[in-house]
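# Per-entry structural report
What follows is each chain in one-letter form.
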Amino acid sequence: MTEEKKYPIGGYAPGSYLCHCGSCDKQFMGDKRAFQCAPCAVADKDAFDKLTPQEQEEFVKKNIEIYNEFLKSKHL
């Protein structure tokens, strides 16, 4: 028996909107808030899951820093 997938997976969730993948630059059908196609989202999740807990924490912290710098540059 196969386990039902739980969404969102990374930047993908199923839906009926025509979206543009920020990773591979292809169009796909997904949720209106999706920013990755299913193959890219699954590949990114698999790569993240292979990191050690310390590497995962460092990755998340670095992305928070990048996002905070982005927000500062937009003067939000």
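For the structure, see preceding data.
Counting restarts for each chain: residues are numbered from 1 in the order of the written sequence. Only residues with pLDDT of 70 or above have their local features reported here, since the model is predicted, and side-chain atom pairs are shown and tallied only from 80 upward, although totals for entire chains, interfaces and linings are computed over all residues. As a rule here, side-chain values cover all heavy atoms of the structure and leave hydrogens and water aside.

### Considering the environment of D44
When you line up the elements, D44 lands in helix α1 (residues 38-49). Buried residues are those whose accessible area, probed at 1.4 Å on protein chains only, stays under 20% of the maximum for their type, while exposed residues exceed 50% and partly exposed ones sit between those limits. The exposure class of D44 is partly exposed, given its relative accessible area of 44%. Contact between two residues is taken to exist if any of their heavy atoms lie within 4.5 Å; hydrogens are not considered. In this view, D44 contacts S23 and Q36; residues no more than four positions away in its chain are not counted. Helix and strand definitions follow DSSP, with helices as H or I runs of at least four residues and strands as E runs of at least two, each counted in order from the N terminus.

### Some words on the environment of F70
For F70, the location among the structural elements is in helix α2 (residues 53-73). Given a relative accessible area of 42%, F70 falls into the partly exposed group. Separated by 38 residues in sequence, F70 and K32 place their C-alpha atoms 23 Å apart.

### Remarks on the pairing of strand β2 (residues 27-30)
Looking along a regular strand, one sees the side chains alternate between the two faces of the sheet. Covered by surrounding structure in β2 are F28 and G30 only, the residues Q27 and M29 on the alternate face being uncovered. If DSSP finds at least two bridges between two strands, the strands pair. As defined by bridge partners, strand β1 (residues 17-20) adjoins β2 across 4 bridges and the pair is classed as antiparallel. The partner of H20 across the bridge, within β2, is Q27. The antiparallel hairpin formed by β1 and β2 contains 6 residues in its connecting segment, where D25 sits at a positive phi of about 75°.

### Let's talk about the side chain of Q36
On the secondary structure map, Q36 appears in the loop between β2 and α1. We classify Q36 as buried; its relative accessible area is 6%. Definition of a polar contact: a pair of N or O atoms within 3.5 Å, with one able to donate and the other able to accept a hydrogen when the atoms are protein atoms, and with sequence-neighbouring residues admitted only if both atoms are side-chain atoms. In this structure the side chain of Q36 is engaged in a polar contact, spanning 2.6 Å, whose partner is the side chain of D44. In contact with Q36, other than residues within four places in its own chain, are G10, G11, Y12, C21, S23, F28, A41 and D44.

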